[in-house]
Amino acid sequence: DGVTDVLSPDGDSFGEERLRRVLVDHSGSPVAETLEALDETISAFQQDMPVFDDLTLLAVRRTPKR
């Protein structure tokens, strides 16, 4: 929650497409690496803009059926 609402200095929101792109680009990576990449991407996008909402991330690992 809140990830897609993060604003850039230009007033653009992070949006679902940017979120999707990070998740797809790291789909084969460990969960911790994916979350770190997302955090870095958000920070770069946001730059020095103040945080106005909390960010909540939930990672779910899918396991193959046995």
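Everything that follows concerns the structure shown earlier in this document.
Numbering of residues starts from 1 in each chain and follows the order in which that chain's sequence is written. Where local features are concerned, this predicted model is filtered to residues with pLDDT of at least 70; where side-chain atom pairs are given and counted, the filter is 80 or more; whole-chain, interface and lining totals use all residues. Based on all heavy atoms of the structure, the side-chain values leave hydrogens and waters out of the count.

1. Looking at the pattern of salt bridges
As a reminder of what qualifies: Here, a salt bridge means any Lys or Arg side-chain nitrogen found within 4 Å of an Asp or Glu carboxyl oxygen. In this description a helix means any DSSP run of H or I spanning at least four residues, a strand means any run of E spanning at least two, and both kinds are numbered starting from the N terminus. Burial classes follow relative accessibility: with a 1.4 Å probe on protein chains only, a residue under 20% of its type's maximum area counts as buried, one over 50% as exposed, and anything between as partly exposed.
Considering all chains together, one arrives at two salt bridges under this definition. Its salt-bridge partner being Glu16, residue Arg20 comes within 3.9 Å of it at the nearest N-O pair. With a gap of four residues between them, Arg20 and Glu16 both fall in helix α1 (residues 15–25), about one helical turn apart. Of the charged contacts, one joins Arg20 and Glu17 as a salt bridge, the two residues approaching to 2.8 Å between their closest N and O atoms. Linking Arg20 with Glu17, this pair stays in helix α1, spanning three residues, or about one helical turn. What makes Arg20 partly exposed here is its relative accessible area of 42%. Connected through salt bridges with shared partners, the residues Glu16, Glu17 and Arg20 form a single ionic network.

Purely spatial values, then, with no claim about function.
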